[in-house]
Protein chains: 2
Amino acid sequence: MDMTVSSLAATDRGHKCGVLAEHLARIGDRWTLPVVVTLREGPLRFNQLRRAVAGISQQMLTRTLRTLERDGMVARTVHPTVPPQVEYALTVMGNSLADQGLQLGNWIHANLQAIDRSRTVFDARETD
Amino acid sequence: MDMTVSSLAATDRGHKCGVLAEHLARIGDRWTLPVVVTLREGPLRFNQLRRAVAGISQQMLTRTLRTLERDGMVARTVHPTVPPQVEYALTVMGNSLADQGLQLGNWIHANLQAIDRSRTVFDARETD
DNA sequence: CGGCATCCTAGCCGATACTG
DNA sequence: CAGTATCGGCTAGGATGCCG
């Protein structure tokens, strides 16, 4: 049984689909995709990552990385040095997630103009 | 200048990338993708859509559809009958968004097992 | 039937301070 | 350097009730 686009669509119709929605929400949160996409170019240490993502708080980076690690998207490696060094790297699955994120990002980037125009038109009609 | 995956990655590194994050958050919210994917198979009326999505409240369906309409993803057509009928259909751009959603859905579906396993292992280590 | 207004809650997320 | 702990705001989203 192959899992193609059409078969998923059928599932979406018939089922509760709550599981997919749940995971979609996770991926769609504020920082998951930015972090994963940033890690795509190579492993980074905590504060390197913090600087690279630019805007993320230390707290949220920690949380996001924890969740990603739990989900098997990133691998956490502690080097027992002084001071301690912790490296984060994408797993194979994490890398495929990053690909998905980039595709989504590309789609957004490609449609930004159209969306903005549409919003302007819509808002203009509301303001009448 | 072509907008490929690599060029976007570069943008992500250098820029604030706040705009992309903003739109990602929108797409990644609880109902946008489910609604768009459901509409992919054809136009639906409000309550048909409500039943098809299964789990969405009337309020959230209204909000989601409004936003999607504002962003130019769905077209809203009012038939002046009694009782009133309102039909929602995907625009071309909305249809391409649905494709993105399906790809993401397929990715999730393909990796569900692995994610669950990873979580189990992770949680077991924490409980030690 | 389709949709707006209101109230309310959960939890995401940020800021700050502290630890090993 | 790499976290943990705590507090608090904001808002997505659910429940309910009313309108055309």
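Going by the structure above, here's the rest.
Notes on the structure follow. (Residues numbered from 1 in each chain as written. Chains lettered and ligands numbered in written order. Predicted model: local features only at pLDDT ≥ 70, side-chain atom pairs only at ≥ 80, totals over all residues. Heavy atoms only, no water.)

Examining the relation of the copies chain A and chain B
Rules: A residue counts toward the fit only if its pLDDT is at least 70 in both copies, and the copies are then superposed by least squares on the C-alpha atoms of those residues. The contact definition used throughout considers only heavy atoms, calling two residues in contact when any of these lie within 4.5 Å.
Expressed as a screw operation, the relation of chain A to chain B combines 0.0 Å of axial shift with a rotation of 180 degrees, fitting to an RMSD of 0.2 Å. Viewed as a symmetry operation, the transformation between the two copies matches a two-fold axis. Closest approach to the rotation axis among the C-alpha atoms of chain A is made by G28 of chain A, whose C-alpha sits 2.0 Å away. Of all interface residues in chain A, 98% are interface residues in chain B too; the two copies therefore contact each other through one and the same surface.

Looking at the protein's contact with DNA strand D
Note the cut-off: In this text, near means that some heavy atom of the residue lies within 4 Å of the molecule or strand in question. For the purposes of these results, a polar contact is taken to be a pair of N or O atoms within 3.5 Å, where, inside protein, one atom must be able to donate a hydrogen and its partner to accept one; residues adjacent in sequence count only when each atom of the pair is a side-chain atom. Put simply, DSSP marks the helices as runs of H or I at least four residues long and the strands as runs of E at least two long, and each gets a number from the N terminus on. Side-chain classes are defined by residue name, with Ala, Val, Leu, Ile, Met, Phe, Trp, Tyr, Cys and Pro counting as nonpolar, Asp, Glu, Lys and Arg as charged, and the others, Gly among them, as polar.
Residues in close proximity to DNA strand D total 20 residues, the closest being Q58, Q59, R76 and Y88 of chain A together with R30 of chain B. The separation between a phosphate oxygen of DNA strand D and a polar side-chain atom of R45 of chain A is 3.0 Å. Q59 of chain B is positioned with one of its side-chain polar atoms (N or O) 2.8 Å from a base nitrogen of DNA strand D. Contributing elements (two or more residues each) for the surface near DNA strand D: α4 (46-53), α5 (58-70) and β3 (85-90) of chain A together with α5 (58-70) of chain B. Considering only residue class, the surface near DNA strand D consists of seven nonpolar, seven polar and six charged.

Structural notes on the sheet that holds strand β2 (residues 74-79) of chain A
All names here are of chain A. Quick reminder of the rule: At least two bridges found by DSSP between two strands is the condition for calling them paired. Every axis in this analysis is a line fitted to C-alpha atoms, fitted for helices over the stretch in contact. Angles between the N-to-C directions lie between 0 and 180 degrees.
The three strands lie next to each other as β1-β3-β2, forming an open sheet whose pairing is antiparallel. Either end of the sheet is taken by a strand with one partner, and the two such strands are β1 (44-45) and β2. Across two bridges, β1 lies against β3 in antiparallel orientation. By the bridge assignment for β3, R45 is matched with E87. The strands touched by α5 within the sheet are β2 and β3, with β2 carrying the most contacts at an inclination of about 110 degrees.

So far we have only geometry, and geometry alone does not tell us how the molecule works.
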